[in-house]
Amino acid sequence: MPVQQEITEGRVPVKVYTGDIEAAARQQLVNVSRLPIVHHHVAAMPDVHLGIGATVGSVIPTLRAIIPAAVGVDIGCGMIATRLSLSGNDFDERKLKKVFDQISRDVPVGFGQHKERDARSAAAKKFQKGLKRILEKHPGIQKRVGKRSSWTHQLGTLGGGNHFIEVCLDEANGVWVMLHSGSRGIGNAIGTYFIALAKKDAERIQLQLPDRDLAYFPEGAQHFDDYVEAVGWAQDYARANREEMMDLVVEAMRRHLSSFGIAGQAVNCHHNYVERESHFGESVWLTRKGAIRARKGELGIIPGSMGVHSYIVRGKGSAESFDSCAHGAGRRMSRNAAQKQFTVDNLIEQTSGVICRKDKGVLDEIPGAYKNIDEVMANQSDLVEVLHTLKQVLCVKG
């Protein structure tokens, strides 16, 4: 479906791929569209919802500047999915419960990290020199991480919130592993640190902004190059984090299931990141805040919540969306609202047939707290085509 509404209250238009947008999120889009650095227009994906400064589900092209808070603090957050040479006939509920327990043992979640003997040292080694250079210039980043947390020991860990690991079946009963995570504590520290610097710079030069969280670094500013280096490092770390976790999950499955192989190359895509791209005649810094790249022929992953379908898609290369599409169902209510509205019985009902936690601790992630993924997919039929429809049978939540 093409653009459903166009907001023209700002300096540039906002093209929105849904008719369903909350007032506060709409105002955030207007705020972004008023910035002098925004090029051509802003795009809002079908899963758009309220964020911090900029809406989740927005795609923002900026000329010679970057908005750190639009990239956010979960830098490089995204998805990875791999198809295995198994079918749903190769396991039953008993085996899946063993797999669930094994994954839960092997992949730390929440604030957890690997013990020394389990650290993914070989994968971490290639990141050491780059981070050392960043921290030498900005020791304040390390202070934000704290002494209890080690980026080397968090490589290959899930984190919390809406991060998850799933085993899914596709339309042909084929088995997929899919997971969602980002750059963990070190990415959060980098994002938080530079967002604070951008706000200080904006205050110092008395930059007029519709929202303090839209403070930006122009090219040539004191911290611009350092931010580009640090955000690039965090995005690469996030990608590697997903790859390491995928290896751990596959090995956990091998311990309890019949012999299997990898049936295809993994799809690994960010949905919170910034990158240099060319759009509408200009080289821009393109920020996808809760959106994935969907260039023509490019594969992507659009997850639903833990009780509904997810999708492996191929991009159609839509210029209006800046070669982008939605990154998931998108929340329709806050975590607090979900905890007030739903009960554990609701959670059990909505995750029927899925081996997962069914307790108060994950109630804020109940499927009912999210938008209808089928509507999201219908609203972006101009942006992607569906290759595979996945339904989870196992979900480990962060």
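One can find the structure itself at the top, above this paragraph.
Now for a description of the structure that goes with this document. This structure is a prediction, so every number in the text was calculated from the model and none was measured. (Residues numbered from 1 in each chain as written. Predicted model: local features only at pLDDT ≥ 70, side-chain atom pairs only at ≥ 80, totals over all residues. Heavy atoms only, no water.)

Let us now look at the overall build of the protein. A count of helical and extended segments in the protein gives eleven helices and 17 strands. Here the protein has a C-alpha radius of gyration of 21 Å; the compact-globule value for 398 residues is 21 Å, and the two agree. Out of the 398 residues in the protein, the part that is buried amounts to 57%. In the protein, once contacts between residues fewer than 6 apart in sequence are set aside, the share between residues at least 24 apart is 76%. When the accessible surface of the protein is split by element, carbon and sulfur atoms take 48% of a total near 16500 Å². (Helix = DSSP H or I, 4+ residues; strand = E, 2+ residues; numbered from the N terminus. Rg over C-alpha atoms; globule rule 2.2 N^0.38 Å. Buried < 20%, exposed > 50% of the residue type's maximum accessible area, 1.4 Å probe, protein only. Contact = heavy atoms within 4.5 Å. Areas by Shrake-Rupley, 256 points an atom, 1.4 Å probe, with all protein chains shown as cover.)

Attention now moves to the environment of Gly264. Examined against the element boundaries, Gly264 turns out to sit in the loop between helix H8 (224-254) and strand E10 (267-270). C-alpha separation for the pair Gly264 and Leu248, spaced 16 residues apart in sequence, amounts to 17 Å.

Moving on, we come to the packing of helix H3 (residues 93-106) against H8. Axis separation between H3 and H8 bottoms out at 9 Å; the angle between their running directions is 140°. In terms of orientation, H3 lies oblique with respect to H8. At the point where H3 passes H8, the crossing takes the right-handed sense. Touching Val99, Gln102, Ile103 and Asp106 of H3 are Leu248, Val249, Ala252 and Met253, all from H8. Partitioning the contact of H3 with H8 into residue classes produces six nonpolar, one polar and one charged. (Axes fitted to C-alpha atoms, helices over the stretch in contact; angles between N-to-C directions. Parallel < 35°, antiparallel > 145°, perpendicular 65-115°, else oblique. Left-handed = near helix turned anticlockwise from the far one by under 90°. Nonpolar A, V, L, I, M, F, W, Y, C, P; charged D, E, K, R; others polar.)

Below, the discussion takes up the pattern of salt bridges. Note on pairing: side chains with opposite charge can pair once their charged atoms come close. Under the criterion given, the structure shown has 23 salt bridges. The closest approach of N and O atoms between Arg117 and Asp118, which form a salt bridge, is 3.8 Å. Of the residues examined, Asp118 reaches a relative accessible area of 35% and is grouped as partly exposed. One network of salt bridges, in which partners are shared, links Arg331, Arg335, Asp364, Glu365 and Lys397. (Salt bridge = Lys/Arg side-chain N within 4 Å of Asp/Glu carboxyl O.)

Moving on, we get to unusual backbone geometry. Positive phi, close to 55°, is recorded for Arg64, a residue that is not glycine. Assignment of secondary structure puts Arg64 in the loop between strand E4 (56-62) and strand E5 (65-66). Non-glycine residue Phe322 carries a positive phi angle of around 55°. The exposure class of Phe322 is buried, given its relative accessible area of 0%.

The next point concerns the sheet that holds strand E11 (residues 272-279). Reading across the sheet, the six strands line up as E1-E2-E3-E4-E12-E11 and stay open at both edges, with mixed pairing between neighbours. Taken across any chain shown, the strands that pair with only one partner, and hence form the sheet edges, are strand E1 (5-7) and E11. With strand direction ignored, the average angle separating the axes of adjacent strands in the sheet is 25°. Relative to strand E12 (residues 282-289), E11 runs antiparallel, the two being bridged by eight bridges. Across the sheet, Arg276 pairs through a bridge with Trp285, a residue of E12. (Pairing = 2+ DSSP bridges.)

Moving on: the packing of aromatic side chains. Going through the model one piece at a time under the given rule, you end up with eleven aromatic pairs. Summarising the aromatic geometry, the rings of Phe217 and Tyr227 are spaced 5.9 Å apart at their centres and angled 50° between planes, so their arrangement reads as tilted. One end of the pair, Phe217, is in strand E9 (residues 217-218); the other, Tyr227, is in helix H8, and ten residues separate them in sequence. On the accessibility criterion, Phe217 (0% relative accessible area) is buried. Ring centres 5.3 Å apart and planes at 15° place the aromatic pair Trp233 and Tyr237 in the stacked group. Of the two residues, Trp233 and Tyr237 are both situated in helix H8; the distance of four residues between them amounts to about one turn of the helix. In this pair, the class of Trp233 matches that of Tyr237, namely buried. Counting every residue linked through ring pairs, the aromatic cluster contains Phe127, Trp151, Trp233 and Tyr237. The positively charged end of Arg254 is found above the aromatic ring belonging to Phe260, 4.5 Å away from the centroid. One Lys or Arg, Arg331, reaches over the ring of Tyr370 and ends 5.0 Å from the middle of that ring. (Phe/Tyr/Trp six-rings, centres within 6.5 Å; stacked < 30°, edge-to-face > 60°. Lys NZ or Arg CZ within 6 Å of the ring centre and 35° of its normal.)

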